[in-house]
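Fold and contact review
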Amino acid sequence: MTTKPHNPHGRTQSHGGGQRMKLTELPAGASGRVCELSGKVEVCQRLREMGFCESAVVDKISGRHTLLCQLCGVRVALSSVAAQHIVVEPIRGAAARAV
């Protein structure tokens, strides 16, 4: 098992040089690509079943305690506790949506 260096802000660099953050930290109106899911296996599995799988593009519509997101053409409400398990990399422009 590998460990990540301590980062007081909870943000890490991605391999592509972009800034990773938890979905809760992504500003409303921004889009991000899911980089990883953290937490218990059951939680990660449930998030994947909801569509939050690695490389999925998520639009954060609004929210702090309950987040409203859109992915795969569907709007999903998520608790901030669940959203803490989703690590995203902010993306810009429609070209970044093509996978």
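Preceding block: the structure.
The numbers attached to residues start from 1 for each chain and follow its sequence in the written order. Only residues with pLDDT of at least 70 get local features here, since the model is predicted, and only at 80 or more are side-chain atom pairs given and counted; chain-wide, interface and lining totals rely on the full set of residues. In computing side-chain properties, one takes all heavy atoms of the structure into account and sets aside hydrogens as well as water.

Turning our eyes to something else, we now look at the overall build of the protein chain. Helix and strand assignments follow DSSP, with helices taken as H or I runs no shorter than four residues and strands as E runs no shorter than two, numbered in order from the N terminus. A tally of helices and strands in the protein chain yields two helices and seven strands. The buried label goes to any residue with under 20% of its type's maximum accessible area, the exposed label to any with over 50%, and the partly exposed label to all in between, with areas taken from a 1.4 Å probe on protein chains only. Here the protein chain holds 99 residues, and 33% of them are scored as buried. The contact definition used throughout considers only heavy atoms, calling two residues in contact when any of these lie within 4.5 Å. Long-range contacts, defined as pairs at least 24 residues apart, comprise 57% of the intrachain contacts of the protein chain with a sequence gap of at least 6. A total accessible area of about 6300 Å² is found for the protein chain, and carbon and sulfur atoms account for 55% of it. Accessible areas in this description were obtained via Shrake-Rupley with a 1.4 Å probe; residue shielding takes into account the shown protein chains only.

Turning our eyes to something else, we now look at the nonpolar core. Within this scheme, the nonpolar core is defined by two criteria: the residues are buried Ala, Val, Leu, Ile, Met, Phe, Trp, Tyr or Cys, and they are joined through side-chain atoms within 4.5 Å. Residues L23, V34, F52, V58, L78, I86 and V88 are the most contacted members of the largest nonpolar core, which totals 19 residues. Elements that contribute at least two residues to this core include exactly β3 (31-37), α1 (41-49), β5 (66-71), β6 (74-79), α2 (80-83) and β7 (86-91). Considering every element that reaches this core, the biggest residue donor is β5, with three residues. Those residues in contact with F52 that lie beyond four places of it in its chain are L23, V34, L37, L47, V58, C69, L71, V76, L78 and I86.

Here, a salt bridge means any Lys or Arg side-chain nitrogen found within 4 Å of an Asp or Glu carboxyl oxygen. One pass over the structure, following the stated rule, counts three salt bridges. One salt bridge connects E36 with R20, and the closest N-O pair in it is separated by 3.1 Å. One end of the pair, E36, is in strand β3; the other, R20, is in strand β2 (residues 19-22), with 16 residues separating them in the sequence. Across the pair E54 and R48 runs a salt bridge whose closest N-O atoms are separated by 2.8 Å. Of the residues examined, R48 reaches a relative accessible area of 34% and is grouped as partly exposed.

Bringing the state of the cysteines into the picture now. Disulfides are defined as pairs of cysteine sulfur atoms found within 2.5 Å of each other. If you walk through the whole model with that rule in mind, you get zero disulfides. C53 carries a free sulfur, and the closest cysteine sulfur to it, the one in C72, is 6.5 Å from it. You can call C53 partly exposed: its relative accessible area is 34%.

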